[in-house]
Amino acid sequence: MSSRSRSPVFVCAVVVAAALGLVGCAPVTAPIRSSSATPEAADTPTPTPTPTPSGFDKTALPIDDPASIWVVVNKVRPLEPSTYVPADLITTPVPHLNPPGLRSEAASAMAAMFATAKAEGAGGMQLQSASRSYGVQVKVYNGYVSSVGEDGADAQSARPGYSEHQTGLAADISAVPLTCALAACFGQTPQGLWLAANAYRFGFLLRYPADKTAITGYMYEPWHFRYIGVPLATEMHATGVTTLEEFFGLPPAPDYAP
Ligand SMILES: [Zn+2]
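Just so it is clear, the structure is predicted and the values come from calculations on it, not from any experiment. (Residues numbered from 1 in each chain as written. Predicted model: local features only at pLDDT ≥ 70, side-chain atom pairs only at ≥ 80, totals over all residues. Heavy atoms only, no water.)

### Brief notes about the overall build of the protein
Counting its secondary structure elements, the protein contains 7 helices and 6 strands. N-terminal to C-terminal, the α/β element order of the protein is α-β-β-α-β-α-β-α-β-α-β-α-α. Buried positions account for 50% of the 258 residues belonging to the protein. For the protein, contacts bridging at least 24 residues in sequence account for 70% of all contacts bridging at least 6. (Helix = DSSP H or I, 4+ residues; strand = E, 2+ residues; numbered from the N terminus. Buried < 20%, exposed > 50% of the residue type's maximum accessible area, 1.4 Å probe, protein only. Contact = heavy atoms within 4.5 Å.)

### A closer look at the sheet that holds strand β6 (residues 224-227)
Strand pairing in a sheet relies on backbone hydrogen bonds. The paired strands run either parallel or antiparallel. Reading across from one edge, β3-β4-β6-β5 is the order of the 4 strands in this open sheet, with antiparallel pairing throughout. Each edge of the sheet is formed by a strand with only one pairing partner; in this case those strands are β3 (124-129) and β5 (204-206). Strand-to-strand, the axes of this sheet are offset by a mean angle of 40 degrees, without reference to chain direction. Of the pairings in the sheet, the one linking β3 to strand β4 (residues 170-176) comprises 5 bridges and is antiparallel in character. Each residue of the ladder has a partner; that of M125, found in β4, is A175. The sheet contacts of helix α2 (residues 104-119) involve β3, β4, β5 and β6, and relative to β3 the element is tilted by about 145 degrees. (Pairing = 2+ DSSP bridges. Axes fitted to C-alpha atoms, helices over the stretch in contact; angles between N-to-C directions.)

### Description of unusual backbone geometry
The omega torsion of the bond from E80 to P81 falls at 5 degrees, within 30 degrees of zero and hence cis. Within the element layout of this structure, P81 appears in the loop between α1 (16-20) and β1 (89-91). For the bond running from V176 to P177, omega is -5 degrees, close enough to zero to count as cis. Looking at where P177 falls in the secondary structure, it is placed in the loop between β4 and α4 (190-198). Even without being a glycine, C180 presents a positive backbone phi close to 55 degrees. Classification of C180 as buried rests on a relative accessible area of 11%. With a phi angle near 55 degrees, L182 is a residue other than glycine that sits in the positive phi range. By the secondary structure assignment, L182 is in the loop between β4 and α4. On the accessibility criterion, L182 (6% relative accessible area) is buried.

### A few points about the pattern of salt bridges
A full pass over the atoms with the stated rule returns 9 salt bridges. For R201, the salt bridge goes to E120, with nearest N and O atoms at 3.0 Å. Of this pair, R201 sits in the loop between α4 and β5 while E120 sits in the loop between α2 and β3, placing them 81 residues apart in sequence. Classification of R201 as partly exposed rests on a relative accessible area of 35%. Residue classification places E120 among the partly exposed positions, given a relative accessible area of 42%. Put simply, R159 and D154 hold a salt bridge, and the shortest N to O gap is 2.8 Å. The structure contains a network of salt bridges with shared partners spanning E164, R207, R226 and E245. (Salt bridge = Lys/Arg side-chain N within 4 Å of Asp/Glu carboxyl O.)

Following this line, the structure appears as structure tokens:
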């Protein structure tokens, strides 16, 4: 989901097809313990590690409440109410091209992620697009409908009330200097590669992987990250489940209801 009509459009001329063949999130690091695992009492000796199920509680937070950081929004799960406005939007303290509002928890995590990416050699990043209100999404979507019709609009923009950006938990990230912005080839930039491998450490999910279009309803978007909190992001990373729909056992959302 991107608001190309409000952002500079950059055409990336290289290897889109190759980039499309890549999966965004390669689970490659040391084994992760779910932070939801039962904590050990301080005075008990460290037990021998055993490969037990994580015990992650998939019902710990609601997925229907728009104010929940686990809310699942897709083409068959609109926000309710459709005009929902997050109560704790703040200005994310990072470079940005459009209004950088995110919910406070997501904003802090985003700033930490950008700083760590730079420290680890991934280069500079900026927020291409962050929170968008229902009203802004109406303008974005209607702009597409006017120029390319409803089918074309649906392929490039979420309908108002169906956009993850309205939750204040989703952001489109681009590189500094700007390269492959809102294009599949962003996934092959140092920034895109680092984000795909490391965003979970900060509680973010690459929401629209290349191989899950039929489930998410969106093309590969290596620039779109959704804040879900570190415990859930870590659990998904550890178990190799790459979509919220699959993790929570929800039906695929390839298109809007007729
Ligand atoms: Zn987006």
